[in-house]
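So you can see what is in the structure, the chains are spelled out below.
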Amino acid sequence: MMYSEKVLDHFRNPRNVGEIEDADGVGSVGNPVCGDVMSIYIKVKDDKIDDIKFKTFGCGAAIATTSMTTELAKGKTLDEAMTITRQDVADELGGLPPVKMHCSNLAADALHEAIENYRGKKK
Ligand code: FES
């Protein structure tokens, strides 16, 4: 299986790993294909993602895609972050092996859920 240099870099040095204790929104999703889980924590300021962290029991591809997702999402408005798709993340990483595309679902789904969680709390 071939991984791009970017995927390997994000796998070896994942960005924004951890947990935000007083997070404004949390999204946790499970992957129906493999059973792995992903949590994303966000802090929101002026309707923008001010800080973001993630924790996962996922594989290397899940770690790399979520690391990239957090980088893409940081500083974006919530509306912009809602439009980030797994395809954007895979493209940004220089592609993923087709058998690993399901792993990239976790990142985008958990991000969107964290935003919805935040919006739900504000109501
Ligand atoms: Fe489960 Fe990749 S194999 S997230």
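Provided above is the structure to which this section pertains.
Analysis parameters
- Residues numbered from 1 in each chain as written.
- Predicted model: local features only at pLDDT ≥ 70, side-chain atom pairs only at ≥ 80, totals over all residues.
- Heavy atoms only, no water.
- Helix = DSSP H or I, 4+ residues; strand = E, 2+ residues; numbered from the N terminus.
- Rg over C-alpha atoms; globule rule 2.2 N^0.38 Å.
- Contact = heavy atoms within 4.5 Å.
- Areas by Shrake-Rupley, 256 points an atom, 1.4 Å probe, with all protein chains shown as cover.
- Pairing = 2+ DSSP bridges.
- Axes fitted to C-alpha atoms, helices over the stretch in contact; angles between N-to-C directions.

**Remarks on the overall build of the protein chain**
Stage number 1. When its secondary structure is counted, the protein chain shows five helices and three strands.
Stage number 2. Going from the N terminus to the C terminus, the protein chain shows its helices and strands as α-β-β-β-α-α-α-α.
Stage number 3. Here the C-alpha atoms of the protein chain give a radius of gyration of 13 Å, agreeing with the 14 Å that 2.2 N^0.38 yields for 123 residues.
Stage number 4. Considered along the principal axes of its C-alpha atoms, the protein chain spans approximately 45 × 25 × 25 Å.
Stage number 5. Sequence separation of at least 24 residues holds for 64% of the intrachain contacts in the protein chain that already meet a minimum separation of 6.
Stage number 6. Taken as a whole, the protein chain presents about 6300 Å² of accessible surface, with 51% of it coming from carbon and sulfur.

**Side note on the environment of Ala81**
Stage number 1. Mapped onto the fold, Ala81 is located in helix H3 (residues 78-82).
Stage number 2. A C-alpha to C-alpha distance of 23 Å links Ala81 and Lys100, two positions 19 residues apart in sequence.
Stage number 3. When neighbours within four sequence positions are excluded, Ala81 is seen to be in contact with Ile49, Lys76, Leu111, His112 and Ile115.

**A short note on the sheet that holds strand S3 (residues 48-56)**
Stage number 1. Taking strand neighbours across the sheet as the criterion, the three strands line up as S1-S2-S3 in an open arrangement whose pairing is antiparallel. Edge positions in the sheet fall to strand S1 (25-30) and S3, since each of these pairs with one other strand and no more. Averaged over all neighbouring strand pairs, the angle between strand axes comes to 20°, with direction disregarded.
Stage number 2. Across the sheet, helix H2 (residues 60-73) lies against strand S2 (37-45) and S3, angled at about 170° from S3, the strand it touches most.

**Considering the pairing of S2**
Stage number 1. Of the strand pairs in this sheet, S1 and S2 are connected by six bridges, and their pairing is antiparallel. Within S2, the position partnered with Val29 by the bridge is Met38.
Stage number 2. Taken together, S1 and the strand that follows it, S2, pair antiparallel across an intervening segment of six residues, in which Gly35 is found at a positive phi of about 85°.
Stage number 3. Bridging between S2 and S3 involves eight bridges; their strand directions are antiparallel. Paired with Lys43 across the strands is Asp51, a residue of S3.
Stage number 4. Taken together, S2 and the strand that follows it, S3, pair antiparallel across an intervening segment of two residues, in which Asp46 is found at a positive phi of about 50°.

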